[in-house]
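Listed below are the residues making up each chain.
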Amino acid sequence: MKTMKMIYFGALLLAVGTVNAAPFGGEADVKYAKDLWTSMVNESLAGKGSIMSVPYTGQHPHGAILDALDGPINIDGKLHRIIIKRNYGGPGVSKSAVANDPEKYLKAVTVMLKRPGYDPDNKDWFWVKYKADGSLDTNPAGMKLAGMIAKGKPKGCISCHTAAPGGDMVYNSD
Ligand code: HEC
(Lines give C-alpha, C1' and ligand atoms only; values in the text may rest on other atoms or scores of the structure.)
Protein backbone atom coordinates (compact mmCIF):
# COMPACT_ATOMS: atom_id res chain seq x y z
CA MET A 1 0.00 0.00 0.00
CA LYS A 2 2.76 2.36 0.98
CA THR A 3 4.56 2.03 -2.36
CA MET A 4 1.28 2.47 -4.20
CA LYS A 5 0.73 5.76 -2.45
CA MET A 6 4.23 6.93 -3.19
CA ILE A 7 3.91 6.10 -6.84
CA TYR A 8 0.60 7.94 -6.96
CA PHE A 9 2.10 10.94 -5.23
CA GLY A 10 5.06 10.94 -7.59
CA ALA A 11 2.81 10.86 -10.63
CA LEU A 12 0.79 13.72 -9.21
CA LEU A 13 3.88 15.84 -8.67
CA LEU A 14 5.01 15.12 -12.18
CA ALA A 15 1.64 16.14 -13.58
CA VAL A 16 1.60 19.38 -11.59
CA GLY A 17 5.16 20.15 -12.66
CA THR A 18 4.27 19.71 -16.31
CA VAL A 19 1.28 22.01 -16.03
CA ASN A 20 3.22 24.76 -14.30
CA ALA A 21 6.34 24.74 -16.42
CA ALA A 22 5.47 26.69 -19.53
CA PRO A 23 7.74 25.69 -22.41
CA PHE A 24 8.61 29.33 -23.01
CA GLY A 25 8.23 32.82 -21.57
CA GLY A 26 9.07 31.78 -18.00
CA GLU A 27 11.39 33.70 -15.70
CA ALA A 28 14.54 31.68 -16.45
CA ASP A 29 14.02 31.80 -20.22
CA VAL A 30 13.35 35.54 -20.15
CA LYS A 31 16.49 36.20 -18.12
CA TYR A 32 18.55 34.01 -20.44
CA ALA A 33 17.22 35.87 -23.47
CA LYS A 34 18.03 39.26 -21.93
CA ASP A 35 21.57 38.18 -21.12
CA LEU A 36 21.87 36.77 -24.62
CA TRP A 37 20.96 40.14 -26.12
CA THR A 38 23.71 41.75 -24.04
CA SER A 39 26.21 39.19 -25.35
CA MET A 40 25.02 39.84 -28.90
CA VAL A 41 25.53 43.59 -28.46
CA ASN A 42 28.98 43.02 -26.94
CA GLU A 43 29.99 40.94 -29.95
CA SER A 44 28.50 43.40 -32.48
CA LEU A 45 25.78 40.92 -33.43
CA ALA A 46 23.01 43.29 -32.35
CA GLY A 47 22.47 46.98 -31.80
CA LYS A 48 23.98 50.01 -33.49
CA GLY A 49 26.53 49.24 -36.18
CA SER A 50 26.21 45.49 -35.83
CA ILE A 51 27.69 43.05 -38.33
CA MET A 52 25.36 42.43 -41.24
CA SER A 53 25.10 40.00 -44.12
CA VAL A 54 23.72 40.75 -47.57
CA PRO A 55 19.95 41.43 -47.31
CA TYR A 56 17.68 39.06 -49.23
CA THR A 57 14.00 38.81 -50.01
CA GLY A 58 12.27 36.77 -47.33
CA GLN A 59 9.25 34.58 -47.10
CA HIS A 60 6.33 34.34 -44.70
CA PRO A 61 6.34 34.62 -41.69
CA HIS A 62 9.77 36.17 -41.40
CA GLY A 63 9.30 39.46 -43.23
CA ALA A 64 9.89 41.24 -46.50
CA ILE A 65 13.65 41.65 -46.37
CA LEU A 66 15.95 39.58 -44.20
CA ASP A 67 19.55 39.24 -43.28
CA ALA A 68 20.99 36.25 -41.48
CA LEU A 69 24.12 35.47 -39.54
CA ASP A 70 25.31 32.03 -38.47
CA GLY A 71 28.33 31.72 -36.23
CA PRO A 72 29.74 31.18 -32.79
CA ILE A 73 28.94 33.37 -29.80
CA ASN A 74 30.76 33.36 -26.47
CA ILE A 75 28.44 32.76 -23.51
CA ASP A 76 30.05 32.31 -20.11
CA GLY A 77 33.32 31.31 -21.76
CA LYS A 78 31.81 28.68 -24.05
CA LEU A 79 31.14 28.98 -27.75
CA HIS A 80 27.58 28.30 -28.89
CA ARG A 81 26.20 28.27 -32.41
CA ILE A 82 23.86 31.17 -32.96
CA ILE A 83 21.70 31.91 -35.99
CA ILE A 84 20.34 35.42 -36.09
CA LYS A 85 17.74 36.47 -38.56
CA ARG A 86 16.83 40.11 -38.78
CA ASN A 87 13.50 41.04 -40.28
CA TYR A 88 13.07 44.33 -42.10
CA GLY A 89 9.90 46.00 -43.33
CA GLY A 90 7.94 49.21 -43.54
CA PRO A 91 7.25 51.75 -46.30
CA GLY A 92 9.98 51.93 -48.93
CA VAL A 93 11.75 48.78 -47.81
CA SER A 94 14.06 47.20 -50.36
CA LYS A 95 17.35 45.36 -50.29
CA SER A 96 19.40 48.46 -51.02
CA ALA A 97 17.40 50.63 -48.58
CA VAL A 98 18.10 48.09 -45.85
CA ALA A 99 21.77 47.84 -46.77
CA ASN A 100 22.09 51.64 -46.50
CA ASP A 101 20.12 52.14 -43.28
CA PRO A 102 19.33 48.85 -41.53
CA GLU A 103 18.18 50.44 -38.27
CA LYS A 104 15.44 52.41 -40.00
CA TYR A 105 13.72 49.26 -41.27
CA LEU A 106 14.51 46.71 -38.57
CA LYS A 107 11.29 45.16 -37.24
CA ALA A 108 12.35 42.06 -35.35
CA VAL A 109 15.31 39.85 -34.58
CA THR A 110 14.69 36.10 -34.42
CA VAL A 111 17.32 33.87 -32.90
CA MET A 112 18.12 30.19 -32.67
CA LEU A 113 20.79 29.44 -30.09
CA LYS A 114 22.23 25.97 -29.60
CA ARG A 115 22.20 25.08 -25.87
CA PRO A 116 23.45 21.54 -25.25
CA GLY A 117 21.02 19.71 -22.96
CA TYR A 118 18.35 22.41 -23.03
CA ASP A 119 15.73 20.67 -25.17
CA PRO A 120 16.99 17.28 -26.40
CA ASP A 121 13.61 16.50 -27.99
CA ASN A 122 14.03 19.44 -30.36
CA LYS A 123 17.76 19.55 -31.12
CA ASP A 124 18.58 21.78 -28.13
CA TRP A 125 17.60 25.06 -29.73
CA PHE A 126 16.69 28.07 -27.61
CA TRP A 127 14.31 30.30 -29.58
CA VAL A 128 13.84 34.04 -29.17
CA LYS A 129 11.98 36.79 -30.92
CA TYR A 130 13.20 40.26 -30.03
CA LYS A 131 11.76 43.56 -31.11
CA ALA A 132 14.14 45.95 -32.87
CA ASP A 133 15.18 47.52 -29.54
CA GLY A 134 16.10 44.18 -27.98
CA SER A 135 13.03 43.83 -25.79
CA LEU A 136 11.12 40.56 -26.04
CA ASP A 137 8.20 40.23 -28.40
CA THR A 138 5.05 38.52 -27.10
CA ASN A 139 2.47 36.19 -28.57
CA PRO A 140 -1.26 37.08 -28.67
CA ALA A 141 -1.64 35.54 -25.21
CA GLY A 142 0.97 37.96 -23.85
CA MET A 143 3.64 35.29 -23.33
CA LYS A 144 7.19 36.45 -23.92
CA LEU A 145 8.82 34.77 -26.90
CA ALA A 146 11.87 33.12 -25.36
CA GLY A 147 12.50 29.42 -24.84
CA MET A 148 10.96 26.32 -26.38
CA ILE A 149 8.53 28.13 -28.68
CA ALA A 150 6.44 25.99 -29.31
CA LYS A 151 4.52 23.15 -30.72
CA GLY A 152 0.85 23.28 -31.56
CA LYS A 153 -1.37 26.10 -32.71
CA PRO A 154 -0.85 28.77 -33.78
CA LYS A 155 2.35 27.52 -35.32
CA GLY A 156 5.33 28.38 -33.18
CA CYS A 157 8.97 28.31 -34.14
CA ILE A 158 9.44 24.62 -33.37
CA SER A 159 6.35 23.31 -35.10
CA CYS A 160 7.29 25.08 -38.28
CA HIS A 161 11.04 24.51 -38.21
CA THR A 162 10.51 20.76 -37.70
CA ALA A 163 9.78 20.69 -41.42
CA ALA A 164 13.24 22.03 -42.34
CA PRO A 165 15.36 19.60 -44.37
CA GLY A 166 18.37 17.88 -42.81
CA GLY A 167 16.80 17.18 -39.41
CA ASP A 168 18.47 20.02 -37.50
CA MET A 169 15.51 22.43 -37.76
CA VAL A 170 17.60 24.87 -39.80
CA TYR A 171 16.22 25.88 -43.20
CA ASN A 172 19.19 27.71 -44.68
CA SER A 173 22.40 25.84 -43.93
CA ASP A 174 25.72 27.04 -45.21
C1 HEC B 1 5.39 29.19 -40.43
C2 HEC B 1 6.76 28.73 -40.41
C3 HEC B 1 7.81 29.37 -39.50
C4 HEC B 1 7.64 29.82 -38.22
C5 HEC B 1 6.40 29.81 -37.36
C6 HEC B 1 8.94 30.30 -37.80
N7 HEC B 1 9.86 30.17 -38.81
FE8 HEC B 1 11.85 30.66 -38.71
N9 HEC B 1 12.05 30.16 -40.69
C10 HEC B 1 11.05 29.64 -41.51
C11 HEC B 1 11.57 29.47 -42.84
C12 HEC B 1 10.78 28.93 -44.03
C13 HEC B 1 12.91 29.90 -42.81
C14 HEC B 1 13.91 29.94 -43.98
C15 HEC B 1 13.51 30.90 -45.02
C16 HEC B 1 13.82 32.29 -44.67
O17 HEC B 1 15.00 32.63 -44.56
O18 HEC B 1 12.87 33.06 -44.49
C19 HEC B 1 13.19 30.29 -41.43
C20 HEC B 1 14.42 30.73 -40.98
C21 HEC B 1 14.72 31.05 -39.65
C22 HEC B 1 16.04 31.37 -39.14
C23 HEC B 1 17.35 31.31 -39.92
C24 HEC B 1 17.88 29.88 -39.84
C25 HEC B 1 17.15 28.95 -40.76
O26 HEC B 1 16.45 28.04 -40.27
O27 HEC B 1 17.30 29.12 -41.97
C28 HEC B 1 15.89 31.67 -37.83
C29 HEC B 1 16.99 32.05 -36.84
C30 HEC B 1 14.49 31.53 -37.51
N31 HEC B 1 13.81 31.16 -38.63
C32 HEC B 1 13.97 31.75 -36.25
C33 HEC B 1 12.63 31.58 -35.93
C34 HEC B 1 12.06 31.88 -34.62
C35 HEC B 1 12.86 32.33 -33.40
C36 HEC B 1 10.73 31.64 -34.72
C37 HEC B 1 9.66 31.80 -33.66
C38 HEC B 1 9.59 33.08 -32.96
C39 HEC B 1 10.46 31.19 -36.08
N40 HEC B 1 11.63 31.17 -36.79
C41 HEC B 1 9.20 30.83 -36.56
C42 HEC B 1 9.78 29.32 -41.12
C43 HEC B 1 9.20 29.60 -39.87
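Above this text sits the structure in question.
Heads up: these notes are all about the structure in this document. Because the structure is a prediction, the values reported are computed rather than measured.

### Considerations on the pairing of strand β5 (residues 125-131)
Most of β5 is tucked away: five of the seven residues are buried. Both strand β4 (residues 106-114) and β5 contribute to a ladder of seven bridges, which runs antiparallel. Within the sheet, the bridge partner assigned to K114 lies in β5 and is W125. Here two bridges tie β5 to strand β6 (residues 146-147), and the two strands are oriented antiparallel to one another. Bridge pairing links W127 to G147 in β6.

### Quick look at the sheet that holds strand β2 (residues 65-75)
The strand order β1-β2-β3-β4-β5-β6 describes an open sheet built from six strands, whose pairing is antiparallel. The two strands at the open ends of the sheet, each matched to only one other strand, are β1 (56-57) and β6. Bridge count for strand β3 (residues 78-88) against β4 is seven bridges, and the pairing is antiparallel. Residue R86 lies in a different strand from β4, and its bridge partner there is V109. The sheet contacts of helix α2 (residues 27-42) involve β2, β3, β4, β5 and β6, and relative to β5 the element is tilted by about 70°.

### Some thoughts on the pairing of β3
Among the 11 residues of β3, eight are classified as buried, and the element is accordingly described as predominantly covered. As judged from the 11 bridges shared by β2 and β3, these two strands associate in the antiparallel manner. Of the residues in β3, the one forming a bridge with I73 is H80. What sits between the antiparallel neighbours β2 and β3 is a turn of two residues, in which D76 has the positive phi angle 50°.

### A look at the environment of V93
With respect to the secondary-structure elements, V93 resides in the loop between β3 and α3 (95-100). Sequence separation of V93 and A64 is 29 residues, and the distance between their C-alpha atoms is 7.9 Å. Filtering out sequence-adjacent residues up to four positions away, V93 remains in contact with A64, I65, Y88, V98 and Y105.

### Remarks on the environment of Y105
Position of Y105 among the secondary structure elements: in helix α4 (residues 102-105). Overall, the relative accessible area of 9% leaves Y105 in the buried class. In this structure the C-alpha to C-alpha distance between Y105 and G92, which are 13 residues apart in sequence, comes to 8.9 Å. With residues near it in sequence (within four places) discarded, Y105 still touches N87, Y88, G89, P91, G92, V93, A97 and V98.

Reading guide: rules and limits
- Position labels on residues start from 1 in each chain and follow its written sequence.
- Predicted model: local features are reported for residues with pLDDT of at least 70 only, side-chain atom pairs are reported and counted for 80 or more only, and whole-chain, interface and lining totals are derived from all residues.
- Water and hydrogen atoms play no part in the side-chain values, which are based on all heavy atoms of the structure.
- Per-residue accessibility, obtained with a 1.4 Å probe over protein chains only, is compared with the maximum for each type, and a residue is labelled buried under 20%, exposed over 50%, and partly exposed between these values.
- The secondary structure listing takes helices from DSSP runs of H or I that are at least 4 residues long and strands from runs of E that are at least 2 residues long, numbered from the N terminus.
- Here the rule is simple: two strands pair whenever DSSP picks up at least two bridges between them.
- Residue contacts are defined here by distance: any two heavy atoms, one from each residue, within 4.5 Å place the two residues in contact.
- Structural elements are reduced to axes, namely lines fitted to C-alpha atoms, with helices fitted over the stretch in contact, and the angle between N-to-C directions of any two is expressed from 0 to 180 degrees.

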